[in-house]
Amino acid sequence: MHTKTIAELARGLQNREYSSVELTQHFLGRIKQAESVNAFVTVTEEQAMAVAKKADEQIAKGQAGPLTGIPIGQKDIFCTQDVKTSCGSKMLDNFISPYSATVVEKINQAGAVMLGKLNMDEFAMGSSNETSFYGAVKNPWDTTAVPGGSSGGSAAAVAARLVAGATGTDTGGSIRQPAAFCGITGLKPTYGRVSRYGMIAFASSLDQAGPMTQTVEDAAIMLQAMAGFDPKDSTSVDQPVPDYLDGLEKDIKGLKIGLIKEFFADGLDEGCAKTVQAALDEYRKMGAEIKEISLPNLKLSIPVYYVIAPAECSANLSRYDGVRFGYRCEDPKDLNDMYIRSRGEAFGAEVKRRILIGTYALSAGYYDAYYIKAQKVRRLISEDFKKAFSDVDVIMGPVTPTTAFGIGEKTSDPIEMYLSDMYTIAVNLAGLPAISIPAGFSDNKPVGLQIIGNYFAESQLLNVAHQYQKVTDWHQQLPEQFA
Amino acid sequence: MEWETVIGLEIHAQLATKSKIFSGASTAYGAPPNTQACAVDLGFPGVLPVLNKQAVRMAVIFGMAIEAEIAPYSVFARKNYFYPDLPKGYQISQFELPIVGNGHLDIQVNGVSKRIGVTRAHLEEDAGKSLHEDFHGLTGIDLNRAGTPLLEIVSEPDMRSAKEAVAYMKKLHELVRYLKICDGNMQEGSFRCDANVSVRPKGQQEFGTRAEIKNINSFKFVEKAINFEVERQIDILENGGQIVQETRLYDADKDETRSMRSKEEANDYRYFPDPDLLPVIVEESLKQEIKAELPELPEAKKQRFKDQYQQDEETASQLTATMEMADYYERVVKNANCEAKLCTSWVTGTLLGALNKAGLEISDSPIEAERLAGLLQRIADNTISGKIAKQVFEEMWQGNAGADEIIEAKGLKQITDTGAIEVIIDKIIADNPAQVEQYLSGKDKVFGFFVGQVMKATQGKANPGEVNKMLKDKLK
């Protein structure tokens, strides 16, 4: 059952080949067997079985939707009422949210069965899942390698087929980079397409939730459930949600693909470059036109990101003060002692580093030079994309400069770690949608192809990506250990 | 040396919205601690603010009332600092781009009018409260107030005395209540004031170093706090010292200000635009709509009262001090359908006197405007005399009866039947020959005796004019 896609499982459920209870038990069994992957922070066995039973009743009544009874996982960044929401941090190791995130409610509403909460980098700050309070997650393709981050647990769980699909969040590449490292499909929608309400904030102007699945079709199914305007999120956009399955089969002959020149310069691993080129050849074969484009301000993405994201996070994380919820140090002497020790003891090194960078960037005397300047460059990057989209339909390139690196390999060098997001960050700065799909292997590790679309062009992205999956089988491959 | 005081005020007016500025929780005052704070107010992980449109509307109403620039595009920013009753570790406020720009307010002190500039007014959320009692050395946090909408109104440093500062504050207090955007309740903290105070040698152009006095919550304390602070600063300067820029707290019990923190200890608030909120766009159409609905403002109303009802400055000020007062008065005028002068003297004299004595506001008056008008009608049409009317007024104050009912029940109707009065007069003249003699011999004063006798005999119900006329005739 675990080798099937969400779409296939839904058909199996409809045809009574198996029940949701059986499906849920099967996946829960796999989660137990794969404990060493460390993909989950919390497994919600009891609740899952109860939901699965209800799903079976709905299926029996003929009221099933495409996600009814399908076992999925939620990244532990989404608040879930009655189930711990840790955000990968000691700070929230004891936190149970009084409410559920909009994304969680919508997916529950669609009838999906949540098997648990997935591991992640602490407060989504990291590119390897190594900053999690709950320890590193292993890449199912090579258990000595990282699964990427911050949605590392989600990517590993989907790749090892511990869930049929999962949610992720992407602030600078946190869906696409782990999807690429783990050989799965990951979509970061347009900023504002999916509600951020109840999704614990890292960098509010960049954070966006999206699906992580085996196939593009599954991503379309999950996005359908997740997307939409939410009056509780002022930055969500009040625009109708199209039927994402509708356009999947459209012919892409004549599609104009832009290839970002800058993405193929220094820093891109040869094996990755070759794999991406081979994927582009597939598109040529399907009748797409490929032309080189230049986005001159792209090279500034990383410095801009590492001003804006920490600046926002420095304020977003101020609420973790030991007063109302979360970790509070033992026997504080006074208020200051409580603040200093609660935060000092419960935040990890990467989170502290980013709070410090952000606090510095916003401080009097530095604000104009860093924050304001970064915002200006951010606009220039957006304009670069805008110009490009007047010329091409979609933009393609690599997701990451290398394949999954070894656990512990980059932890001592934050800059080196930050550079692993060099191809994904600009998309968040511009607020564009982008998808990462499996495009082959290099040294036996998966390589992803990134497709970037125009604002709210998720349908087109899904169509273009799906057409590739129709002529390739990279997305169907399973790591041997988890077959 | 002669010193000049320079004062600017920052006033926090709590906007009278039903729910909070960024959440749906109620803003009602006085609920048990933490029962009116939802996940958004508590700053729980993952929550997001959603702007209350009513708060925006009220800010625009205020801006238009002080003829200020209304920003078509304003931005919420995060003001970062740690405090236990500030749930998110930042306050959502407006910084570089406030919703209300330059405006002004005219005040009167000692009969002289003066224009005070308003630099800006911006929207922000209130914090909660720290409770230091009853927790055995610990601090309790009540977040009911967290997220309550505030309009912070910042004046220019245009005031030159504590009296001017108080006049400005009162004027603003009157205005926000007129506009129904703030209940003005100072005990409950709905209208609070911080004062920036400095002194400089008279004639000097540049400002002296200022101190900011925090959280002064009554008109009386504003005056006292400023006066104390001015003397303190002058004292220091005259003794060769220097003023330190700092934040000071006014202690009403000791009638003094004392240092809270100096400029060096001041927070760097690290303001930046709040990425959770979109910029606030005020469309021209909203401004037009509000303009059309804007009530008559206190200044205009006062002028109209002076013109329309022939009132002097003081009376017009008194009758337009609140919207409720002005409405009451105009309802009396409308229903009494008599000379405005009579209405004015009864409202400002008898009614306000009685209310004052009873410690009541006009809105709590036991006699409604319509009932009072009924009484004045009977004075105007000579049914009763002014003196009898006072008696009727007392009766009305005690119960719900109208003037006519009381006049009828107590038989207080003026005797206008000249025949009846004539009989009484004839009897009095016959009974008092000595007094008649005196009057006829030129002692005019005795006339009053006869009037008194007639009124006594009629229990005051005879029309005094009529009595005078008839007596004069009879005693010729």
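Residues numbered from 1 in each chain as written. Chains lettered and ligands numbered in written order. Predicted model: local features only at pLDDT ≥ 70, side-chain atom pairs only at ≥ 80, totals over all residues. Heavy atoms only, no water.

Novice: How do you make sense of the overall build of chain B when you look at a structure like this?
Specialist: Of the regular secondary structure elements, chain B holds 15 helices and 15 strands. Taken against the 2.2 N^0.38 rule, which gives 23 Å for 476 residues, the C-alpha radius of gyration of chain B at 31 Å runs more than 25% over that of a compact globule. Projected onto the principal axes, the alpha-carbon positions of chain B cover approximately 95 × 55 × 55 Å. Across the 476 residues of chain B, 52% fall into the buried class. Across chain B, the fraction of contacts at a sequence separation of at least 24, relative to all contacts at a separation of at least 6, is 68%. In the structure as shown, chain B presents an accessible area of about 23,000 Å², 49% of it carried by carbon and sulfur atoms. Treating the 57 positive side-chain charges of chain B as one cloud and the 72 negative ones as another, the clouds have centres 4 Å apart. (Helix = DSSP H or I, 4+ residues; strand = E, 2+ residues; numbered from the N terminus. Rg over C-alpha atoms; globule rule 2.2 N^0.38 Å. Buried < 20%, exposed > 50% of the residue type's maximum accessible area, 1.4 Å probe, protein only. Contact = heavy atoms within 4.5 Å. Areas by Shrake-Rupley, 256 points an atom, 1.4 Å probe, with all protein chains shown as cover. Lys, Arg positive; Asp, Glu negative; His and termini not counted. Charge placed at Lys NZ, Arg CZ, Asp CG, Glu CD.)

Novice: What am I meant to see in the pattern of salt bridges here?
Specialist: Side-chain pairs of opposite charge can arise whenever the charged atoms involved come near each other. With the rule as written, the count across this model stands at 54 salt bridges over all chains. A salt bridge links Arg176 of chain A to Asp170 of chain A; the shortest N-O distance between them is 2.8 Å. When sorted by exposure, Arg176 of chain A lands in the same class as Asp170 of chain A, which is buried. The salt bridge partner of Arg324 of chain A is Asp321 of chain A, with a shortest N-O separation of 3.1 Å. The exposure class assigned to Asp321 of chain A is buried, which follows from its relative accessible area of 1%. Overlapping salt bridges bring together Arg196 and Asp233 of chain A together with Arg78, Asp274 and Asp276 of chain B as one network. (Salt bridge = Lys/Arg side-chain N within 4 Å of Asp/Glu carboxyl O.)

Novice: How should the packing of helix H2 (residues 162-178) of chain B against helix H3 (residues 219-238) of chain B be read in this particular structure?
Specialist: When two helices pack together, their arrangement is captured by the angle between the axes and the distance separating the axes. Residue and element names in this part refer to chain B. With their axes 9 Å apart at the nearest point, H2 and H3 run at an angle of 155° to one another. What the angle tells us is that H2 and H3 run roughly antiparallel. Every pair of crossing elements has a handedness; the one defined by H2 and H3 is right-handed. Here H2 contributes Ala162, Lys163, Ala165, Val166, Met169, Lys170 and His173 to the contact with H3, which in turn contributes Phe219, Val222, Glu223, Ile226 and Asn227. (Axes fitted to C-alpha atoms, helices over the stretch in contact; angles between N-to-C directions. Parallel < 35°, antiparallel > 145°, perpendicular 65-115°, else oblique. Left-handed = near helix turned anticlockwise from the far one by under 90°.)

Novice: Is there a simple way to explain the domain arrangement of chain B in this structure?
Specialist: The parts lose accessible area when they come together, and the size of an interface is often stated as this lost area. Residue and element names in this part refer to chain B. Under the domain assignment used here, chain B contains domain 1 (3-278), domain 2 (296-410) and domain 3 (418-474). Computed over C-alpha atoms, the centres of domain 1 and domain 2 are 38 Å apart. On the domain 2 side, the residues contacting the nine residues of domain 1 number 11 residues. Across the domain 1/domain 2 interface, buried area totals approximately 840 Å², and carbon plus sulfur atoms make up 56% of it. For the pair domain 1 and domain 2, the interface holds one salt bridge. Counting across the interface, domain 1 meets domain 2 through two residue pairs in polar contact (both at pLDDT 80 or more). (Domains from an automatic or database assignment. Buried area = accessible area lost by both parts, 1.4 Å probe. Polar contact = N/O pair within 3.5 Å; in protein donor to acceptor, adjacent residues only side chain to side chain.)

Novice: Would you explain empty space enclosed by the protein in this entry?
Specialist: One simple way to see leftover space: roll a probe sized like a water molecule over the atoms. Residue and element names in this part refer to chain A. Counted under the stated rule, the structure contains four cavities of 30 Å³ or more. In this structure, the largest cavity spans a volume of roughly 130 Å³. Class assignment of the residues belonging to the lining of the largest cavity gives a composition of 11 nonpolar, one polar and six charged. Approximately 70 Å³ is the volume found for the second largest cavity. Around the second largest cavity, the lining is made up of 14 residues, and of these Gly126, Ser127, Ser174, Tyr305 and Asp421 lie nearest the centre. Counting only domains with at least three residues in the lining of the second largest cavity, you end up with domain 1 (6-255 + 391-408 + 421-482) and domain 2 (299-377). (1 Å grid on protein atoms, 1.4 Å probe; cavity = no way out; pocket = protein on both sides within 12 Å on 5 of 7 lines; lining within 4 Å. Points joined across faces, edges and corners; volume = space filled by probe spheres on them. Nonpolar A, V, L, I, M, F, W, Y, C, P; charged D, E, K, R; others polar.)

Novice: Would you explain the pairing of strand S13 (residues 256-262) of chain B in this entry?
Specialist: One face of the sheet, then the other: side chains in a regular strand alternate in exactly this way. Residue and element names in this part refer to chain B. Two elements, strand S12 (residues 246-251) and S13, share six bridges in a ladder whose sense is antiparallel. From the neighbouring strand, Glu246 faces S13, where its bridge partner is Ser262. What sits between S12 and S13 in their antiparallel hairpin is a turn of four residues, with Asp255 showing a positive phi close to 50°. (Pairing = 2+ DSSP bridges.)

Novice: Mind showing me how you'd approach the interface of chain B and chain A here?
Specialist: In this assembly, 31 residues from chain B lie in contact with 38 residues from chain A. Overall, the association of chain B and chain A removes approximately 2,800 Å² of surface from exposure, summing both partners, and the carbon and sulfur fraction of that is 60%. Viewed at the interface, chain A and chain B are joined by one salt bridge. A salt bridge links Arg196 of chain A to Asp276 of chain B; the shortest N-O distance between them is 3.0 Å. Of all the elements in the fold, those that place two or more residues in the side of chain B that touches chain A are strand S3 (76-80) and strand S14 (272-273) of chain B.

Novice: Help me understand the environment of Asp142 of chain B in this model?
Specialist: Residues and elements named next belong to chain B. With respect to the secondary-structure elements, Asp142 resides in strand S8 (residues 140-142). Distance in space between the C-alpha atoms of Asp142 and Pro298 is 37 Å, their sequence separation being 156 residues. In contact with Asp142, not counting residues within four places along its chain, are Pro33, Asn34, Gly128, Lys129 and Leu131. At 3.0 Å, the side chain of Asp142 and the backbone nitrogen of Asn144 are in polar contact.

Novice: Can you walk me through the sheet that holds strand S6 (residues 208-213) of chain A in this structure?
Specialist: The strands making up a sheet associate through backbone hydrogen bonding, with each pair oriented either parallel or antiparallel. Residue and element names in this part refer to chain A. With respect to topology, 11 strands assemble into an open sheet ordered S1-S3-S2-S4-S6-S5-S10-S11-S9-S7-S8, the strand pairing being mixed. Each having just a single partner strand, strand S1 (40-43) and strand S8 (289-293) make up the two edges of the open sheet. Pairwise comparison of adjacent strand axes, ignoring direction, gives a mean angle of 30° for this sheet. Judged from the six bridges that link them, strand S4 (residues 165-170) and S6 form a sheet pairing that is antiparallel.

Novice: Before we go on, may I ask you to explain a negative patch on the surface in this structure?
Specialist: Residues and elements named next belong to chain B. The grouping of Glu324, Asp327, Glu361 and Asp364 at the surface amounts to a negative patch. Within the element layout of this structure, Glu361 appears in the loop between helix H8 (340-358) and helix H9 (369-380). The exposed category is assigned to Glu361, whose relative accessible area is 54%. (Patch = residues over 30% accessible without salt bridge, like charges linked within 9 Å, V, L, I, M, F, W, Y side chains within 5 Å.)

Novice: Where do I start with a nonpolar patch on the surface in this structure?
Specialist: Residues and elements named next belong to chain A. A cluster of nonpolar side chains, namely Tyr360, Tyr366 and Tyr370, defines an oily patch on the protein surface of about 290 Å² accessible area. With respect to the helices and strands, the residue Tyr366 is situated in the loop between helix H11 (349-362) and helix H12 (367-389). What makes Tyr366 partly exposed here is its relative accessible area of 34%.

Novice: Any chance you could explain the domain arrangement of chain A here in plain terms?
Specialist: All names here are of chain A. When its domains are assigned, chain A resolves into domain 1 (6-255 + 391-408 + 421-482) and domain 2 (299-377). Between domain 1 and domain 2, the C-alpha centre-to-centre distance is 27 Å. Contact residues are listed per partner, giving 25 residues for domain 1 and 24 residues for domain 2. Roughly 2,000 Å² is buried in total at the junction of domain 1 and domain 2, and carbon and sulfur atoms are behind 69% of that figure. The interface formed by domain 1 and domain 2 holds zero salt bridges in total.

Novice: When you look at the side chain of Asp126 of chain B in this model, what are you seeing that I'm missing?
Specialist: Along the polypeptide, Asp126 of chain B turns up in the loop between strand S6 (112-125) and strand S7 (129-131). Apart from the residues within four sequence positions on either side, Asp126 of chain B is in contact with Arg145, Ala146, Gly147, Thr148, Leu150 and Arg192 of chain B.

Novice: How do you make sense of the packing of aromatic side chains when you look at a structure like this?
Specialist: The relation between two aromatic rings is expressed through the spacing of the ring centres and the mutual angle of the planes. Going through the model one piece at a time under the given rule, you end up with 34 aromatic pairs over all chains. Both rings, one in Tyr99 of chain A and one in Tyr197 of chain A, keep their centres 5.2 Å apart while their planes meet at 45°; by these two values the pair is tilted. Linking Tyr99 of chain A in the loop between strand S2 (71-75) and helix H4 (102-109) with Tyr197 of chain A in the loop between strand S5 (185-188) and S6, this pair joins segments that are 98 residues apart in sequence. Accessibility expressed as a relative area gives 11% for Tyr99 of chain A, which makes it buried. Seen from their ring centres, Phe221 of chain B and Tyr250 of chain B are 5.8 Å apart, and the 50° between their planes marks the pair as tilted. With Phe221 of chain B in helix H3 and Tyr250 of chain B in strand S12, the pair connects residues that are 29 residues apart, well separated along the chain. Residue Phe221 of chain B is classed as partly exposed on the basis of its relative accessible area, which comes to 22%. Among the aromatic residues, those joined into a cluster by ring pairs are Phe95, Phe123, Tyr320, Phe325 and Phe347 of chain A together with Phe44 of chain B. The aromatic ring of Tyr269 of chain B is capped on one face by Lys79 of chain B, whose charged end is 4.4 Å from the ring centroid. Lying across the ring of Phe219 of chain B, Lys170 of chain B places its NZ or CZ 5.5 Å from the centre. (Phe/Tyr/Trp six-rings, centres within 6.5 Å; stacked < 30°, edge-to-face > 60°. Lys NZ or Arg CZ within 6 Å of the ring centre and 35° of its normal.)

Novice: Help me out: how do you make sense of H9 of chain B in this one?
Specialist: Every α-helical turn comprises 3.6 residues, leaving residues that sit three or four positions apart pointing alike. Residues and elements named next belong to chain B. Look at H9: 16 Å from first C-alpha to last across 12 residues, which is about the 16 Å you get at 1.5 Å a residue. Along H9, nine of the 12 residues are buried, which leaves the element largely enclosed by surrounding structure. Where H9 is concerned, the buried positions are Ala369, Arg371, Leu372, Ala373, Gly374, Leu375, Leu376, Arg378 and Ile379. At its buried positions, H9 is contacted by helix H7 (323-336), H8, helix H10 (386-398) and helix H11 (403-410). Just past H9, the residue Asn382 takes up positive phi, approximately 65°. (Expected span 1.5 Å × (residues − 1).)

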